[in-house]
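Observations on the three-dimensional arrangement
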Amino acid sequence: MKGPIGVFDSGYGGLTILDSIRQRMPQYDYVYLGDNARAPYGIRSFDVVYEFTLQAVKKLFELGCPLVILGCNTASAKALRTIQQEYLPKYAPDRRVLGVIRPTAEVVGDISKTRHIGVLATTGTIKSESYTMEISKLHPDCAVTGLACPMWVPLVENGEHDKPGADYFVQERIETLLSLDPEIDTVILGCTHYPLLLDKISRYCPQGITLIPQGKYIAESLEDYLDRHTDMEQSITRGGACRYFTTESASEFRNSASLFLRENIEAERIVL
Ligand code: DGL
């Protein structure tokens with residue numbers, strides 16, 4: 001069976017991942033699904049994030065996707081492993097679901113000189129300790145300090161990310177992170193919404209700190225995955241098309257998505 005690559009997020013944030021993936025691999029077809037009706041996921045429990053994410057993955061499978069990217073750190077942290085280890089082998093052995101945490105954790109080893117890494121993410125992702133565990137496995141010499149930024153997603157979702165009020169919340173979190181570990185030289189932006197705050201984050205980070213927005217690395221890692229898995233690569237349709245689905249209002253999605261994508265799109269409402 002052939003079909004498009006599915007990209008899932010709790011809302012709009014995964015569009016930053018989709019954007020990077022499409023820029024790198026424009027030849028494939030894509031389907032984006034945002035569970036806007038139930039976003040944000042960052043504050044929800046493991047069980048609930050798993051249940052919601054599995055529903056979305058099943059829907060993307062129904063839409064014909066052989067491969068689904070969880071373009072959401074919270075879903076990757078809380079649902080990916082169970083989907084890969086328990087759901088897929090039983091119910092969809094030919095399909096694959098990939099996340100965004102491992103490819104991001106992989107790159108910091110080559111970047112950090114001090115071996116002190118900071119992770120900024122949602123409360124759910126930080127509490128899951130997924131980044132700490134993944135980085136410790138891949139780069140055992142690195143110390144990881146995570147800090148939740150509960151105000152950042154609402155700032156972006158409400159279109160306040162480029163307004164002066166956002167400066168306070170960005171500066172306060174950066175300063176808190178660096179006070180917890182002043183030796184940090186590499187900061188992972190472990191939430192798909194944060195690239196929209198990148199200008200302000202860069203402004204309040206002292207020089208010498210490397211910021212890691214994820215899109216570029218996820219796109220590189222996916223390309224590498226498809227190079228290594230030719231059967232999967234052959235099962236992706238090619239046409240450069242992208243369809244957008246949301247669980248909330250289609251017109252609302254269309255308007256807000258243009259903020260993330262810098263282009264006009266059409267969206268359809270879907271029920272999970
Ligand atoms: N997209 C989610 C992430 O990357 C953040 C938004 C949410 O909390 O749902 O963690």
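As the structure is a prediction and not an experimental result, all values here were calculated from the model. (Residues numbered from 1 in each chain as written. Predicted model: local features only at pLDDT ≥ 70, side-chain atom pairs only at ≥ 80, totals over all residues. Heavy atoms only, no water.)

To continue, consider the site of the ligand. By nearness alone, 13 residues border the ligand, and Asp9, Ser10, Tyr41, Gly42 and Thr74 come closest of all. Residue Tyr41 places a main-chain N or O atom 2.6 Å away from an oxygen atom belonging to the ligand. Within the backbone of Asn73, an N or O atom sits 3.0 Å from an oxygen atom of the ligand. Across the shell around the ligand, the residue classes tally to 5 nonpolar, 7 polar and 1 charged. (Near = heavy atom within 4 Å. Polar contact = N/O pair within 3.5 Å; in protein donor to acceptor, adjacent residues only side chain to side chain. Nonpolar A, V, L, I, M, F, W, Y, C, P; charged D, E, K, R; others polar.)

Ser130, Tyr131, Glu134 and Ile135 are the residues of helix H7 (residues 130-138) that are buried. Axial view of H7: buried residues confined to an arc of 115 degrees, hence all on one face. (Buried < 20%, exposed > 50% of the residue type's maximum accessible area, 1.4 Å probe, protein only. Helix = DSSP H or I, 4+ residues; strand = E, 2+ residues; numbered from the N terminus. Arc of directions from axis to C-beta.)

Counting across every chain of the model gives 9 aromatic pairs. With 5.2 Å between their ring centres and 80 degrees between their planes, Tyr168 and Phe169 make a pair best called edge-to-face. Through a chain of ring-to-ring contacts, three or more aromatic side chains come together here, namely Tyr12, Tyr32, Tyr244 and Phe253. The ring of Phe52 carries Arg38 above its face, with NZ or CZ at 3.6 Å from the centroid. Sitting over the ring of Phe46, Lys78 keeps its end group 5.3 Å from the ring centre. (Phe/Tyr/Trp six-rings, centres within 6.5 Å; stacked < 30°, edge-to-face > 60°. Lys NZ or Arg CZ within 6 Å of the ring centre and 35° of its normal.)

Turning our eyes to something else, we now look at the state of the cysteines. Scanning the model with the defined rule gives 0 disulfides in all. This cysteine, Cys72, is not joined by any disulfide, and Cys191 carries the nearest cysteine sulfur, 7.2 Å off. Of the residues examined, Cys191 reaches a relative accessible area of 6% and is grouped as buried. (Disulfide = S-S within 2.5 Å.)

This brings us to the pattern of salt bridges. All told, the structure shown has 16 salt bridges when counted by the stated rule. Residue Glu106 is joined to Arg102 by a salt bridge in which the shortest nitrogen-to-oxygen separation is 3.2 Å. A residue pair is termed a helical-turn pair when its members lie 3 or 4 positions apart in one helix, as Glu106 and Arg102 do in helix H5 (residues 101-111) at 4 residues. (Salt bridge = Lys/Arg side-chain N within 4 Å of Asp/Glu carboxyl O.)

A word on helix H9 (residues 165-180). A rise of 1.5 Å per residue sets the reference length of H9, with its 16 residues, at 22 Å; its end C-alpha atoms lie 24 Å apart and thus fit the reference within 8%. Listed as buried for H9 are Ala166, Asp167, Val170, Arg173, Ile174, Leu177 and Leu178. Looking down the long axis of H9, one finds its buried residues gathered within 145 degrees of arc, a one-sided arrangement. In H9, those exposed residues whose orientation departs by more than 90 degrees from the buried face are Tyr168, Ser179 and Leu180. Looking at the packing, one finds that the buried side of H9 touches strand E5 (116-121), strand E6 (143-148), helix H8 (152-157), strand E7 (186-189) and helix H10 (198-204). (Expected span 1.5 Å × (residues − 1). Contact = heavy atoms within 4.5 Å.)

The next subject is the nonpolar core. One finds Leu15, Leu120, Trp152, Ile201 and Tyr244 to be the most contacted residues of the largest nonpolar core, which totals 53 residues. The residues touching Leu15, leaving out its near neighbours within four places in the chain, are Tyr32, Tyr244, Phe253, Ala257, Phe260 and Leu261. Of all hydrophobic cores here, the second largest spans 25 residues; its members include Val49, Phe61, Val68 and Tyr87. (Core = buried A, V, L, I, M, F, W, Y, C linked by side-chain atoms within 4.5 Å.)

So, on to the side chain of Lys78. The topology assignment puts Lys78 in helix H3 (residues 73-78). Here Lys78 occupies a buried position and makes no salt bridge, while the nearest side chain of opposite charge, Asp47, is found at 9.4 Å. Not counting the four nearest positions on each side in its chain, Lys78 is found in contact with Arg44, Ser45, Phe46, Val49, Tyr50 and Gly124. (Lys, Arg positive; Asp, Glu negative; His and termini not counted.)

Moving on: the environment of Cys205. One can find Cys205 in the loop between H10 and strand E8 (210-212). Given the relative accessible area of 11%, Cys205 is considered buried. Through-space distance from the C-alpha of Cys205 to that of Glu175 is 8.2 Å; in sequence the pair is 30 residues apart.

What is shown is where atoms sit, not what they do.
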